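The chain contents come next:
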Amino acid sequence: MKETYYRFEEEKFKKYIQEYYMQKPEWKKRNALGVAFFVIAALIFIVPAALYGVKDLVGFLAILATGFLFGLLVLSIGALIRNHATHKYGAPYECMSKPFLLSNYSGIQFGYHDRYDQKSKTSATVHQIAYSNIHSVDVSEQKHLVTVYGRIERVEYEDLMTARVRHSFTNGQLGDRGSFSFFLCFEDQEAFFDQLKEQHVKVNFV
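All of the points below concern the structure found in this document. (Residues numbered from 1 in each chain as written. Predicted model: local features only at pLDDT ≥ 70, side-chain atom pairs only at ≥ 80, totals over all residues. Heavy atoms only, no water.)

Observations concerning the pairing of strand β6 (residues 145–150)
So, step 1. Counting buried residues in β6 gives five out of six residues, a clear majority hidden from the surface.
So, step 2. Alignment of strand β5 (residues 134–140) against β6, held across six bridges, turns out to be antiparallel. Within β6, the residue paired with V139 across the bridge is V146.
So, step 3. With antiparallel pairing between neighbouring strands as the criterion, β5 and β6 make up a hairpin whose turn holds four residues, including H144 at a positive phi of roughly 60°. (Buried < 20%, exposed > 50% of the residue type's maximum accessible area, 1.4 Å probe, protein only. Helix = DSSP H or I, 4+ residues; strand = E, 2+ residues; numbered from the N terminus. Pairing = 2+ DSSP bridges.)

Structure below.
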């Protein structure tokens, strides 16, 4: 069996990530708080200058500059709240970029680059599992997710191009019921699932 590469639609991948965290009540609360800070920042910037009026140019500019500085501080707090909520409730998918999926004669691999890793553009995290170690695969079209359960290996590459490993979790360290997931937005999906079934892997459409 030859190695097969399944390309992801990155724009759809990003869209599904947004849908994943934006439907969570916790994210909605944090986002509303962040928006409230944005509104307060706008008011701090506009209201004092509007109330003071252009009585004299120097005073008006001083009020405007002060409002801008305080507004910028409040705006930064709002952005921090919103970004933290997105990172927290979007995990583990929110950090993923350049995802890839491979299958060959022995098993499957799903990997991605961490968008927050600025040190190396070639670093990657790869989840790999042999067909014989897969307990089951759940496919949720509603959530746009494929979840693989079984005895997984996770390899964190410092440089994927040279196969330089930063850390490796070998078989057993993640348990017999480990899992990893990826979004249902890759090409040749039917061929991928048919290949799993040919290897006697249980595929559940839930």
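Topic: the side chain of S123
So, step 1. For S123, the location among the structural elements is in the loop between β3 (107–114) and β4 (124–130).
So, step 2. A residue is classified by how much of its surface remains accessible, and S123, at 4% relative accessible area, is buried.
So, step 3. Residues within four places of S123 in sequence aside, it is in contact with H113, D117, Y157, E158 and R166. (Contact = heavy atoms within 4.5 Å.)

Brief notes about a nonpolar patch on the surface
So, step 1. Residues V35, V39, L43, F45, I46, V47, F68, L69, L72 and L75 make up a contiguous nonpolar surface patch of about 850 Å² in total accessible area.
So, step 2. Elements with a minimum of two residues in the nonpolar patch: α2 (25–52) and α3 (57–89).
So, step 3. Looking at the element boundaries, L43 is found in helix α2.
So, step 4. The class of L43 is partly exposed, set by a relative accessible area of 47%. (Patch = residues over 30% accessible without salt bridge, like charges linked within 9 Å, V, L, I, M, F, W, Y side chains within 5 Å. Areas by Shrake-Rupley, 256 points an atom, 1.4 Å probe, with all protein chains shown as cover. Salt bridge = Lys/Arg side-chain N within 4 Å of Asp/Glu carboxyl O.)

Things to note about the sheet that holds strand β8 (residues 164–169)
So, step 1. With respect to topology, six strands assemble into an open sheet ordered β1-β2-β3-β4-β7-β8, the strand pairing being antiparallel. Whereas interior strands pair on both sides, the edge strands pair on one side only; in this sheet they are β1 (4–7) and β8. For this sheet, the mean angle separating the axes of adjacent strands, direction not counted, is 20°.
So, step 2. Where helix α4 (residues 189–198) meets the sheet, its contacts fall on β1, β2 (96–103) and β3, and the angle it forms with β1 comes to roughly 140°. (Axes fitted to C-alpha atoms, helices over the stretch in contact; angles between N-to-C directions.)

Things to note about the sheet that holds strand β10 (residues 203–205)
So, step 1. Spatial ordering of the open sheet is given by β9-β6-β5-β10, a layout of four strands whose pairing is mixed. Each edge of the open sheet carries a strand with a single partner, namely β9 (178–183) and β10. Between one strand and the next, the sheet's axes are offset by a mean angle of 20°, whatever the strand orientation.
So, step 2. Contacting β5, β6, β9 and β10, α4 runs over the sheet at an angle of about 135° to β10.

Brief notes about the nonpolar core
So, step 1. Ranked by internal contacts, the top residues of the largest apolar core, which has 37 residues, are F182 and F186.
So, step 2. Residue assignment for this core shows that the elements contributing at least two residues are α1 (10–22), α3, β2, β3, β5, β6, β9 and α4.
So, step 3. By residue number, the principal contributor to this core is α1, which donates five residues.
So, step 4. Excluding residues within four positions of it along the chain, F182 makes contact with F8, L101, F110, H144, L145, V146, V148 and F192. (Core = buried A, V, L, I, M, F, W, Y, C linked by side-chain atoms within 4.5 Å.)

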